[in-house]
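Fold and contact review
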Amino acid sequence: MKDVLKLKVNGEWRELLAEPSRTLLQVLREDLSLTGAKEVCLLGSCGACTVLVEGKPVLSCLTLAASCRGKEITTIEGLMEEGELHPLQQAFIDKGAVQCGYCTPGMIMTGKALLDETPNPTEEEAREAIAGNLCRCTGYQQIVEAIVAAPDIAKNAPKERNRVRVAGPFLMPETGE
C-alpha cells in the first residue's frame, strides 16, 4: 500500500506516492529523477549515496524514504545556485579531486556537512569526515585538499567559478552535459 510522502528536496516541496519499504535512494533516483546519489553497494559501506537530511549526511540506500517525511533533503543537484557551482564543487575541480566521478557526489555532500559545522576544517577533520566514503581512484589526498580549500574559494568567488548549464540528469562541469 502506497503512502503519501511529502519531502522538501533541494528547497522545493515534492509530494509523491511511495511504498513504505522504499529507500530514500530509490525515491530520489526513480521517482524524482535525481541521479546524483549513486547506487553502489546498497549496504551502507561506500558512501556514494550520501545526501543531507536536515543538514546531516545520511546513507540514502539505508534510509527509508518514509522516515524523511516533512524533512529537508539536499542532493548534489541542489548545491548549484543561479548556475554557479558551490565552492566545494569548484574546489573538487580545481584540486583534481574528480576522477571517475562515482564517489564524487557522496564525498561532496559529506564535505558540505563538515563545512557547514566547521567552516575552516583541518586536513585531519576532513579525513575524519570522509572516513565512511570510499574512493578507488584518487587516494583521497585531492579530496581532502578540496574540502580544506573550499572556504578560500568561497571568499574569492565569483572570480573563477565555473558556470554550467544543466542539460539533464548528467552534469559535467566542463561541458554542462
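Everything discussed here concerns the structure shown above.
Residues numbered from 1 in each chain as written. Predicted model: local features only at pLDDT ≥ 70, side-chain atom pairs only at ≥ 80, totals over all residues. Heavy atoms only, no water.

1. Some thoughts on the pairing of strand β3 (residues 50-53)
- Neither face of β3 is left uncovered, since the one carrying Thr-50 and Leu-52 and the one carrying Val-51 and Val-53 both have all their residues buried.
- The pairing of β3 with strand β4 (residues 56-59) spans four bridges and is classified as antiparallel. Across the sheet, Leu-52 pairs through a bridge with Pro-57, a residue of β4.
- Linking β3 back to β4 in an antiparallel pair, the connection comprises two residues, with Glu-54 at a positive phi of about 55°. (Buried < 20%, exposed > 50% of the residue type's maximum accessible area, 1.4 Å probe, protein only. Helix = DSSP H or I, 4+ residues; strand = E, 2+ residues; numbered from the N terminus. Pairing = 2+ DSSP bridges.)

2. Thoughts on the pattern of salt bridges
- Scanning all chains against the criterion turns up five salt bridges.
- Between Asp-31 and Arg-22 there is a salt bridge, with its nearest N and O atoms 2.7 Å apart.
- The partly exposed category is assigned to Asp-31, whose relative accessible area is 34%.
- One salt bridge in this structure joins Lys-56 and Glu-117, with 2.3 Å as the shortest N-O distance. A residue pair is termed long-range when its members are at least 10 positions apart, and Lys-56 in strand β4 and Glu-117 in helix α3 (residues 104-117) qualify at 61 residues.
- Its relative accessible area of 55% is what places Glu-117 among the exposed residues.
- Several salt bridges share partner residues, and in doing so they unite Arg-22, Glu-30 and Asp-31 into one network. (Salt bridge = Lys/Arg side-chain N within 4 Å of Asp/Glu carboxyl O.)

3. Considering the environment of Gln-141
- Within the secondary structure, Gln-141 is located in helix α5 (residues 141-156).
- When the C-alpha positions of Gln-141 and Glu-123 are compared, they lie 9.2 Å apart, and in sequence the two are 18 residues distant.
- Setting aside its immediate chain neighbours within four residues, Gln-141 contacts Glu-123 and Arg-127. (Contact = heavy atoms within 4.5 Å.)

4. Here we look at the packing of aromatic side chains
- Taken as a whole and judged by the stated rule, the model has zero aromatic pairs.
- Over the ring of Trp-13 we find Lys-6, and its NZ or CZ is 5.3 Å from the ring centre.
- A cation over a ring is seen here: Lys-38 above Tyr-102, with NZ or CZ 5.9 Å from the ring centre. (Phe/Tyr/Trp six-rings, centres within 6.5 Å; stacked < 30°, edge-to-face > 60°. Lys NZ or Arg CZ within 6 Å of the ring centre and 35° of its normal.)

5. Remarks on the layout of surface pockets
- Volume-wise, the second largest pocket comes out at about 200 Å³.
- Surrounding the second largest pocket, Val-40, Cys-41, Ser-45, Cys-46, Ala-48, Cys-100, Tyr-102, Cys-103, Leu-134, Cys-135, Arg-136 and Cys-137 form its lining. (1 Å grid on protein atoms, 1.4 Å probe; cavity = no way out; pocket = protein on both sides within 12 Å on 5 of 7 lines; lining within 4 Å. Points joined across faces, edges and corners; volume = space filled by probe spheres on them.)

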